[in-house]
Amino acid sequence: MASMESAADRTFRLRWERWSPDIRSGLAAVHHDRVDEVLARVETILRSAAAARPDDLRELDEARLLRPDWLQDPSMMGYVAYTDRYAGTLTGVGERLDHLTSLGVSYLHLMPLLRPREGANDGGYAVADHRSVRPDLGTMDDLSALAAQLRERGMSLVLDLVVNHVAAEHEWAERAIAGDQKYRDYFITYPDRTEPDAWERTLPEVFPDFAPGNFTWNERMGRWVWTTFNAYQWDLNWANPDVFCEFLDIICTLANRGVEVFRLDAIAFIWKRLGTTCQNQPEVHQLTQALRQAVRIAAPAVAFKAEAIVSPDDLIAYLGAGEHHGLVSDMAYHNSLMVQLWSSLAARDTRLTEVALDRFAAKPTTTTWGTYVRCHDDIGWAITDADAAAAGLDGFAHRAFLSDFYAGLAPGSFARGLVFQHNPATGDRRISGSCASLAGLETALTSEDEGRITDAVARHLMLHAVVMGFGGVPLLYMGDELGMLNDADWATEAGHEDDNRWVHRPRMDWDLLAAAEADHASPHGRILVGMRHLIGVRRRTPHLHASVESRVVPSPDPRLLVLRRDHPVGAMLQVYNFSEQTVWVDAQPFADALGPAAGDLISGHRWNLATDRVSIQPYQPLWWVADR
Ligand code: GLC
């Protein structure tokens, strides 16, 4: 009887009516005739998760339903850190929140912290137990407590959810090894090389250096196991609905602990199809849709971020293309923008960036980018030969130039990076290194040349101005707020010696932060002050709402990148000088866009555009709006 229905039951019923058809269609595309059975299991999981949802998180759910564009707001500011490297433990992080507040952080991504396997664990991306926290970092209760503390400060907790694989030591894998057929079906295994060889014909290699091939022989099972990444990371079989139900339950449990955003690690790889690269298959999006809409029912406050480091043509689908519009991830990494920033900086030429950014179809207006300069991973030169050719470059030669440049091998290079995963088959050489070291601060400080230091500081700030101005959640990588350099001791820690990505995963240097605070004129002080300033300006700028696209405007000079945003409050032009030269250009196109005068929001200066020419300073970022 409807009158007997409790408020909580009514809420569940309404949400189920609203979103279950989208769960059903996602599941039906993958599980076909089993869809009713799977949907019934999904409902059971969601009912118990909804019933267990703590009161304060229910309130957050209501607040988010009233502000569905919360992730798109210019006040969103991300920060990405390893718990131990930032503050030792989860409780330690709670004691170090003032620094994040001083930066205006509203989104905190703590790198993988669920219990990984012992020994090598790919920086935590080999999870052995989804129900406990890495013991040296704390407990699940510490995680809930930290999430609550963050919420009080208006910060959302973001965690990795590694959906493609688990550690070979995970209970599911152990049971599979022990011969339990239910758990064998969680993985993809073969008795001999016939099928692996057939798959290998079209599969790329993710870690050609330390994990060649995509399959690993398991002696105890006497079978080949699908392992896209390292030998100890076992790919999951998402064709099995049990895997879907397990993950739904894990997400709901963590969401009820206070996790607000899930970073879906290696999401592109979860569906395998013979004769393909086994990335970006349509089923990936069907499954994401089912998962996303299911989580909406039990925890509407939660959002998904896709970690899909794929080509622009494939990327938009992760934000919802066609039938999936508005139904999959809320956010995705803009890997291409990141790569292009570094390419333009080395080349002092933005033409390739123009071509690459122009390739992007508009994303759904309800979604947002995760924009970033650096992250915990290496930089791979995701530049296609076609894009390079359209910019008058040879793709292979340009990628080789970038690797040489950032490894510090090219003449005139200001960068100090390391080559990661040299693949002799393709010639690819990826690059590790911190933002400041890649942008020239390390060499400049060694040279003690004030001009070079000024350039390096300006480069560091300008790159960040682009990601803060692009529209999306800027993801500030720990240490970059003050220009921390490469960690010279990266290889001395046990287990890190073979993986030079640790060169840009330092421990937070609190002494350097204190010194930067004490001396704002020092190089690190200038970066810190400049970053805080940019973040503050961003927060006050409605033009930066992520529902609006940044579009490339053909630049009047190859050294400049010009972006335009057409927000209903008015047009905004952003100009970035990717060179150490002063660039003079015709003012007329800018006046046509903005009128006779513009205000630069970053410097606060008024620009007269009713003139012949304007000059853009070395590495200057400009955020121009019409000045009335
Ligand atoms: C993602 C992570 C990377 C990890 C991989 C495998 O790409 O960012 O660090 O190696 O997934 O989980």
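What counts, and at which threshold
Residues numbered from 1 in each chain as written. Predicted model: local features only at pLDDT ≥ 70, side-chain atom pairs only at ≥ 80, totals over all residues. Heavy atoms only, no water. Helix = DSSP H or I, 4+ residues; strand = E, 2+ residues; numbered from the N terminus. Buried < 20%, exposed > 50% of the residue type's maximum accessible area, 1.4 Å probe, protein only. Contact = heavy atoms within 4.5 Å. Near = heavy atom within 4 Å. Polar contact = N/O pair within 3.5 Å; in protein donor to acceptor, adjacent residues only side chain to side chain. Areas by Shrake-Rupley, 256 points an atom, 1.4 Å probe, with all protein chains shown as cover. Pairing = 2+ DSSP bridges. Expected span 1.5 Å × (residues − 1). Axes fitted to C-alpha atoms, helices over the stretch in contact; angles between N-to-C directions. Left-handed = near helix turned anticlockwise from the far one by under 90°. Nonpolar A, V, L, I, M, F, W, Y, C, P; charged D, E, K, R; others polar. Parallel < 35°, antiparallel > 145°, perpendicular 65-115°, else oblique. Salt bridge = Lys/Arg side-chain N within 4 Å of Asp/Glu carboxyl O. Core = buried A, V, L, I, M, F, W, Y, C linked by side-chain atoms within 4.5 Å. Phe/Tyr/Trp six-rings, centres within 6.5 Å; stacked < 30°, edge-to-face > 60°. Lys NZ or Arg CZ within 6 Å of the ring centre and 35° of its normal.

A. Inspection of the environment of Gly-380 at higher detail. Among the structural elements, Gly-380 can be located in the loop between β14 (368-371) and α16 (385-390). The class for Gly-380 is partly exposed, based on a relative accessible area of 22%. As a C-alpha pair, Gly-380 and Trp-70 span 310 residues in sequence and 31 Å in three-dimensional space. For Gly-380, the contacting residues outside a window of four places in its chain are Val-339 and Arg-430.

B. View of the site of the ligand. In the neighbourhood of the ligand, the contacting residues comprise Asp-122, Tyr-125, His-165, Phe-207, Phe-229, Gln-233, Arg-263, Asp-265, Glu-307, His-376, Asp-377 and Arg-501. Here an oxygen atom of the ligand and a side-chain polar atom of His-165 are 3.0 Å apart. Between the ligand and His-376, the relevant distance is 2.8 Å, taken from an oxygen atom to a side-chain nitrogen or oxygen of the residue. Considered on its own, the ligand offers 310 Å² of accessible surface; in the complex 94% of this is hidden by protein.

C. Local environment of the sheet that holds strand β8 (residues 215-218). Judged by pairing direction, the sheet is antiparallel, and its 3 strands sit side by side in the order β7-β9-β8 without closing on themselves. Single-partner strands in this sheet number two, and they are β7 (189-190) and β8. By the bridge criterion, 2 bridges tie β7 to strand β9 (residues 223-226) in an arrangement that is antiparallel. Of the residues in β9, the one forming a bridge with Tyr-190 is Trp-224.

D. How the structure looks around helix α22 (residues 523-539). With 17 residues, α22 should cover 24 Å at 1.5 Å per step; its first-to-last C-alpha distance of 25 Å lies within 8% of that length. Among the 17 residues that make up α22, 12 are buried, leaving the element largely enclosed by the rest of the structure. Residues Pro-523, His-524, Gly-525, Ile-527, Leu-528, Gly-530, Met-531, Leu-534, Ile-535, Gly-536, Val-537 and Arg-538 constitute the buried set of α22. Buried-residue contacts for α22 involve α6 (97-103), α19 (441-447), α20 (450-469), β17 (473-477), α21 (510-518) and β25 (621-626).

E. Spotlight on the packing of helix α14 (residues 335-347) against α20. Packing of α14 against α20 leaves a shortest axis separation of 11 Å and a crossing angle of 145 degrees. Considering only the axes of α14 and α20, their crossing is right-handed. Facing α14, whose interface residues are Leu-337, Leu-341, Trp-342 and Leu-345, α20 presents Arg-459, Leu-463, Val-466 and Val-467. Here the contact of α14 with α20 is built from residues that sort into 7 nonpolar, no polar and 1 charged.

F. Inspection of the sheet that holds β25 at higher detail. Read across the open sheet, the 6 strands follow the order β18-β19-β20-β25-β22-β23; overall the sheet is antiparallel. One side of each edge strand has no neighbouring strand; the edge strands of this open sheet are β18 (550-553) and β23 (606-608). Neighbour-to-neighbour, the strand axes of this sheet turn through a mean angle of 30 degrees, independent of strand direction. In this sheet, β25 lies alongside strand β20 (residues 570-577) in antiparallel orientation, the contact comprising 5 bridges. The residue of β25 that forms the bridge with Tyr-576 is Pro-621. Contacts between α20 and the sheet are confined to β18, β19 (560-567), β20 and β25, with β20 contributing the most and set at about 155 degrees to the helix.

G. A look at the packing of α14 against helix α15 (residues 351-358). For the pair α14 and α15, the least separation of the axes is 9 Å and the interaxial angle reads 170 degrees. Looking at the two axes, α14 sits roughly antiparallel to α15. Facing Ser-336, Leu-337, Gln-340, Ser-343 and Ser-344 of α14, the residues of α15 in contact are Leu-352, Thr-353, Ala-356 and Leu-357. Classifying every residue of the contact of α14 with α15 gives 4 nonpolar, 5 polar and no charged.

H. Unusual backbone geometry, seen in detail. In the Ramachandran plot, Asp-122 falls in the positive-phi region, its phi being about 55 degrees despite a non-glycine side chain. Within the secondary structure, Asp-122 is located in the loop between β3 (114-116) and β4 (127-133).

I. Broad picture of α14. With 13 residues, α14 ought to run about 18 Å at 1.5 Å a step, and its terminal C-alpha atoms sit 18 Å apart, in line with that. A large share of α14 lies buried, amounting to 12 of its 13 residues. Residues of α14 that are buried: Asn-335, Ser-336, Leu-337, Met-338, Val-339, Gln-340, Leu-341, Trp-342, Ser-343, Ser-344, Leu-345 and Ala-346.

J. Local environment of the pattern of salt bridges. Taken as a whole and assessed by the stated rule, the structure comprises 47 salt bridges. A salt bridge links Glu-37 to Arg-34; its shortest N-O distance comes to 3.0 Å. The exposure class of Glu-37 is partly exposed, given its relative accessible area of 38%. Between Glu-549 and Lys-363 there is a salt bridge, with its nearest N and O atoms 3.4 Å apart.

K. Structural view of the environment of Pro-364. Here Pro-364 is to be found in the loop between α15 and β14. Taking the C-alpha atoms as reference, Pro-364 lies 34 Å from Leu-528; in sequence the two are 164 residues apart.

L. Quick peek at the nonpolar core. The biggest cluster of nonpolar side chains holds 185 residues, and the ones touching the most others in it are Leu-46, Tyr-79, Trp-238, Leu-248, Phe-262, Trp-342 and Tyr-406. Once residues within four sequence positions are removed from consideration, Leu-46 is found in contact with Phe-12, Trp-16, Leu-248, Cys-252, Ala-294, Ile-297 and Ala-298.

M. Region of the structure containing the packing of aromatic side chains. Scanning the entire structure with this criterion turns up 26 aromatic pairs. Taken together, a centroid distance of 5.3 Å and an interplanar angle of 75 degrees make the contact between Tyr-333 and Tyr-372 edge-to-face. Taken as a pair, Tyr-333 in strand β13 (residues 331-333) and Tyr-372 in the loop between β14 and α16 lie far apart in primary sequence, 39 residues in all. Summarising the burial analysis for this pair, Tyr-333 and Tyr-372 share the class buried. Taking the centre distance of 5.9 Å and the plane angle of 90 degrees together, the rings of Phe-360 and Trp-369 count as edge-to-face. Of the two residues examined, Phe-360 and Trp-369, each falls in the buried class. Taken together, the ring pairs connect Trp-342, Trp-381, Phe-401, Phe-405, Tyr-406 and Phe-414 into an aromatic cluster. Positioned above the aromatic ring of Trp-510 is the side chain of Arg-96, whose terminal nitrogen or guanidinium carbon lies 3.8 Å from the ring centre. In this structure, Arg-459 packs its charged tip against the face of Phe-414, placed 3.7 Å from the ring centre.

N. Representation of the pairing of β9 within the structure. Both β8 and β9 contribute to a ladder of 4 bridges, which runs antiparallel. Following the sheet pairing, Phe-215 is matched in β9 by Trp-226. Where β8 folds back onto β9 in an antiparallel hairpin, the turn is made up of 4 residues, including Gly-222, whose phi is positive at roughly 65 degrees.

O. Region of interest: the side chain of Thr-371. Following the sequence through the fold, Thr-371 ends up in strand β14. Setting aside its immediate chain neighbours within four residues, Thr-371 contacts Leu-337, Val-467, Phe-470, Gly-471, Val-473, Pro-474 and Leu-475.

P. Inspection of the environment of Leu-622 at higher detail. As for its position among the elements, Leu-622 is in strand β25. Along the backbone, Leu-622 and Leu-601 are 21 residues apart, and their C-alpha atoms lie at a distance of 7.5 Å. Excluding its chain neighbours within four sequence positions, the residues that come into contact with Leu-622 are Leu-573, Gln-574, Val-575, Asp-600, Trp-607 and Ile-616.

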